Amino acid sequence: MKRLAREFTKGIIAENPIFFMVLGLCPALAVSTSVTNAVGMGLAATFVLVCSNMIIALVRRRIPDKIRIPCFIVIIATFVTIVEMILEAFAPALDRSLGIFVPLIVVNCIILGRAEAFASKNPVLPSIADGLGMGLGFLVALVTIAFFRETLGSGKLMGLSLSHRFEPALVMALAPGALLVVGLLIGGLRWVRSLRSS
Amino acid sequence: MADKYFVSAAPHFHKKDESVARIMWTVNVALVPVAVMGVAIFRWCALGVMLTAVLSAVITEAVIQRGRGQRVTVRDGSAFMTGLLLAFNLPAHVPLWLPVVGSVFAIAIGKQAFGGLGRNIFNPALAGRAFLMAAWPQHMTTFTRPFAVDAVTQATPLVLLKEGKALGLADMGLNHFDLLLGFRGGSLGEVCALALVLGGVYLLWRGIITWHTPVTFILTAGLFGWVFGAPQGFFQGDFLFQILSGGLLLGAIYMATDYVTSPITKKGQLIFGVCCGLLTGVIRRWGGYPEGVCYSILFMNAAVPLIDRFAQPRRYGVKK
């Protein structure tokens, strides 16, 4: 039980996929323009991560080592297709605003990375815990980035206008703004960590 | 004996009383005519923008250096220069929070985030300007008519040319003399070519800058404009117009010669100047923006380590 808790919590802060492993930056830059998008993307990725980790951990002894990556991709793609269909059916607006980045979850390096680094070497329950932790870490990071980008870049939060006196900085809604926010957040978090360890 | 000789890393001071502060303040002195002409042409708003930008740049630098536990070096004039150059890149009638944000970005992100003076890859003032341009384009591209009491907006000559509203200076109701003195729309420090050249000559005379970067930059951009600048055919562009309009002189004399972000060797500076000029010409002629000096310098700043490596001088007694 203790091990499960450890595998679960490490992904959220200590080994946060975006802020400390710097993986999965492509969706992090692309869909973090609004908090709503970020939540949708984070949940979709978490679902895929948990399910693919579970299945890969189940069949890890049956997969031949030489073709493990294609096998992982097939398993991941299955769940991504499921997510895509669910989004199209029940949240068409979110599906439209996420666009190409939902099918692109297939090649999200966090998911492939966890499959390769964790699920293919560990039993089912720890793999689920790891997937859930990493997914939530990804979600938390996305929402944090999106919070700054949406408030500064379009003067809104969850689609609601904050103040009409504030002139939004257009650049924050564009790619350079995303890189700035991610860079500053990574820098800030590492600084906090260095303060703690010293 | 031992304390008479000390070992330090290059580059070395070769004059007795040379220092960072001395060089920076000399550049600031060279910028005075430009500032005076800016105030003369755009009235007191220009002064407000300059003061705000300089003050916020200096305060940001002091706060960050204090916070990082370093020696506070705002007296060396480098933050002052960054603030002033940033103000020169802004339209005169911008709301005053704009220079504040720009200066804070220039110093905090453009300079201190890389480790402070001497370690920044990009020219801080231009980084601040590029950020403002991307963040609030409507403020950054609304220029006012010179000598107007109430702020009447007027497009810059390059915008008119780019949008096809005028084919030459005559269509804009201007002549080359107007461009030389600064009687045109534009950023507050870029309009008066005469003051910019005056400051440049002073810097050359004091040995702060060499001719290599500015001259190649200006000539390349001018020649490019002459060859490709006119939509009706080759070799019909206006050479002088290309040189005197936009921020070419300001960029070439004061920004592209920044010690930290430009190549060390003469050969490197020549390459740097020519490439800046070419990029400026390409952006002016075919790019999305009417003016490309800022982006071409920033772009070439990123290439400086590469140029420095390429233009390394041969060591004495060593075959290549």
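All of these numbers come straight from a predicted model, not from anything done at the bench. (Residues numbered from 1 in each chain as written. Chains lettered and ligands numbered in written order. Predicted model: local features only at pLDDT ≥ 70, side-chain atom pairs only at ≥ 80, totals over all residues. Heavy atoms only, no water.)

Q: Help me understand the overall build of chain B in this model?
A: Looking only at helices and strands, chain B has 15 helices and zero strands in total. Taking 320 residues into account, the globule formula puts the C-alpha radius of gyration at 20 Å, and chain B, at 20 Å, falls close to it. Along the three orthogonal principal directions, the C-alpha set of chain B runs to about 70 × 50 × 30 Å. Counting across all 320 residues of chain B, residues that qualify as buried make up 51%. Carbon together with sulfur atoms contributes 68% to the accessible area of chain B, which is approximately 15,800 Å² in total. (Helix = DSSP H or I, 4+ residues; strand = E, 2+ residues; numbered from the N terminus. Rg over C-alpha atoms; globule rule 2.2 N^0.38 Å. Buried < 20%, exposed > 50% of the residue type's maximum accessible area, 1.4 Å probe, protein only. Areas by Shrake-Rupley, 256 points an atom, 1.4 Å probe, with all protein chains shown as cover.)

Q: What exactly am I supposed to notice about the overall build of chain A here?
A: The helix and strand tally for chain A stands at nine helices and two strands. Traced from its N-terminal end to its C-terminal end, chain A shows the element sequence α-α-α-α-α-α-α-β-β-α-α. Against the 2.2 N^0.38 benchmark of 16 Å for 198 residues, chain A shows a C-alpha radius of gyration of 18 Å, consistent with a compact globule. In terms of principal-axis extent, the alpha carbons of chain A reach across some 60 × 50 × 30 Å. For chain A, the residues scored as buried account for 42% of the 198 residues in total. For chain A, long-range pairs separated by at least 24 residues make up 74% of all intrachain contacts whose partners lie at least 6 apart in sequence. On chain A, roughly 10,100 Å² of surface is accessible, and the fraction owed to carbon and sulfur atoms is 72%. For chain A, the distance from the average position of its 18 positive side-chain charges to the average position of its 10 negative side-chain charges is 9 Å. (Contact = heavy atoms within 4.5 Å. Lys, Arg positive; Asp, Glu negative; His and termini not counted. Charge placed at Lys NZ, Arg CZ, Asp CG, Glu CD.)

Q: Looking at this structure, how should I read the nonpolar core?
A: Note on soluble globular proteins: their nonpolar side chains tend to be buried together. Of all hydrophobic cores here, the largest spans 120 residues; its most connected members are Met50, Leu85, Phe88, Phe131 and Tyr254 of chain B. What Met50 of chain B contacts, discounting residues up to four positions off in sequence, is Ala35, Val39, Leu84, Ala87, Phe88 and Leu188 of chain B. (Core = buried A, V, L, I, M, F, W, Y, C linked by side-chain atoms within 4.5 Å.)

Q: Any chance you could explain the packing of helix 6 (residues 109-119) of chain A against helix 7 (residues 124-154) of chain A here in plain terms?
A: Packed helices, taken two at a time, are described by the angle their axes make and the gap between the axes. Residue and element names in this part refer to chain A. At a minimum axis separation of 11 Å, helix 6 and helix 7 run at an interaxial angle of 150 degrees. Put simply, helix 6 runs roughly antiparallel to helix 7. Once helix 6 is placed against helix 7, the crossing between them reads as right-handed. Along its contact with helix 6, which presents Ile110, Arg114, Phe118 and Ala119, the element helix 7 presents Pro126, Ser127, Asp130, Met134 and Phe138. (Axes fitted to C-alpha atoms, helices over the stretch in contact; angles between N-to-C directions. Parallel < 35°, antiparallel > 145°, perpendicular 65-115°, else oblique. Left-handed = near helix turned anticlockwise from the far one by under 90°.)

Q: Where do I start with the confidence of the model for chain B in this structure?
A: Low-pLDDT stretches of the model should not have their predicted coordinates read in fine detail. On average, residues of chain B score 88 in pLDDT, and 95% of them are at 70 or above. The ipTM value of the predicted complex is 0.83, and its pTM value is 0.88. (pLDDT = per-residue confidence, 0-100.)

Q: It is not clear to me how empty space enclosed by the protein should be interpreted in this structure. Could you clarify?
A: A water-sized probe, rolled over the atoms, reveals where empty space remains. All names here are of chain B. One pass over the structure, following the stated rule, counts one cavity of 30 Å³ or more. What the largest cavity holds in volume is close to 120 Å³. Forming the boundary of the largest cavity are 14 residues, of which Met81, Thr82, Asn123, Pro124 and Asp258 lie nearest the centre. Breaking the lining of the largest cavity down by element, the ones donating at least two residues are helix 4 (78-88) and helix 6 (124-135). Counting residues per element, the lining of the largest cavity draws most heavily on helix 4, at four residues. Of the residues belonging to the lining of the largest cavity, the class tally is eight nonpolar, four polar and two charged. (1 Å grid on protein atoms, 1.4 Å probe; cavity = no way out; pocket = protein on both sides within 12 Å on 5 of 7 lines; lining within 4 Å. Points joined across faces, edges and corners; volume = space filled by probe spheres on them. Nonpolar A, V, L, I, M, F, W, Y, C, P; charged D, E, K, R; others polar.)

Q: Got a minute to help me understand the interface of chain B and chain A in this structure?
A: One frequent convention defines the size of an interface as the accessible area lost when the parts assemble. Across the contact, ten residues belong to chain B and eight residues belong to chain A. Across the interface of chain B and chain A, roughly 680 Å² is buried in total on both sides, 71% from carbon and sulfur atoms. Of all residues in chain B, Phe131, Ala134 and Trp136 of chain B bury the most surface against chain A, accounting for 49% of the area lost on that side. If you look at where chain B meets chain A, you find zero salt bridges. Looking at the side of chain B that touches chain A, the elements with two or more residues in it are helix 5 (97-111), helix 6 and helix 7 (137-140) of chain B. Among the residues forming the side of chain B that touches chain A, the class breakdown is eight nonpolar, two polar and no charged. (Buried area = accessible area lost by both parts, 1.4 Å probe. Salt bridge = Lys/Arg side-chain N within 4 Å of Asp/Glu carboxyl O.)

Q: I keep staring at a nonpolar patch on the surface and nothing clicks. Help me out?
A: A contiguous nonpolar patch, built from Leu204, Trp211, Val215, Leu219 and Leu270 of chain B and spanning about 410 Å² of accessible area, is present on the exposed surface. Here Leu270 of chain B shows up in helix 14 (residues 266-286). (Patch = residues over 30% accessible without salt bridge, like charges linked within 9 Å, V, L, I, M, F, W, Y side chains within 5 Å.)

Q: Got a minute to help me understand the side chain of Asn301 of chain B in this structure?
A: Summarising the element assignment, Asn301 of chain B is placed in helix 15 (residues 293-310). Setting aside anything within four residues of it in sequence, one finds Asn301 of chain B in contact with Ile121, Phe122, Asn123, Thr261 and Phe272 of chain B.

Q: Got a minute to help me understand helix 6 of chain A in this structure?
A: Residues spaced three or four apart along an α-helix face the same direction, because each turn holds 3.6 residues. Residues and elements named next belong to chain A. What helix 6 keeps buried is the set Ile110, Ile111, Arg114, Ala115, Phe118 and Ala119. The arc enclosing the buried residues of helix 6, seen along the axis, measures out at 135 degrees, which places them on a common side. Regarding helix 6, its N-cap is Asn108, as a side-chain oxygen of that residue lies 2.9 Å from the backbone nitrogen of Ile110 further along. (Arc of directions from axis to C-beta. Polar contact = N/O pair within 3.5 Å; in protein donor to acceptor, adjacent residues only side chain to side chain.)

Q: Is there a simple way to think about the pattern of salt bridges in this case?
A: Charged atoms that come close allow side chains of opposite charge to pair. Tallied over the full model, the rule gives nine salt bridges over all chains. One salt bridge connects Asp130 of chain A with Lys10 of chain A, and the closest N-O pair in it is separated by 2.6 Å. Here Lys10 of chain A lies in helix 1 (residues 2-10) and Asp130 of chain A lies in helix 7, a separation of 120 residues in the sequence. Side by side, Asp130 of chain A and Lys10 of chain A carry an identical accessibility label, which is buried. In this structure, Glu190 of chain B and Arg184 of chain B form a salt bridge, with 3.7 Å as the shortest nitrogen-oxygen distance. Judged by relative accessible area, which is 10%, Glu190 of chain B ranks as buried. For Arg184 of chain B, a relative accessible area of 1% puts it in the buried group. Several salt bridges share partner residues, and in doing so they unite Arg3, Glu7, Lys10, Arg114 and Asp130 of chain A into one network.

Q: Looking at this structure, how should I read the environment of Ile253 of chain B?
A: All names here are of chain B. Looking at the element boundaries, Ile253 is found in helix 13 (residues 248-255). When the C-alpha atoms of Ile253 and Leu47 are compared, they prove to be 22 Å apart, with 206 residues separating the residues in sequence. When neighbours within four sequence positions are excluded, Ile253 is seen to be in contact with Leu196, Val197, Gly200, Ile209 and Pro214.

Q: Help me out: how do you make sense of unusual backbone geometry in this one?
A: Negative phi characterises most residues that are not glycine, and trans characterises most peptide bonds. The phi dihedral of Val22 of chain A falls on the positive side, at around 50 degrees, and the residue is not glycine. Looking at the secondary structure, you find Val22 of chain A in the loop between helix 1 and helix 2 (25-30). We note that Phe235 of chain B has phi near 55 degrees; this positive angle belongs to a residue other than glycine. Turning to its location among the elements, Phe235 of chain B is positioned in the loop between helix 11 (212-228) and helix 12 (239-244).

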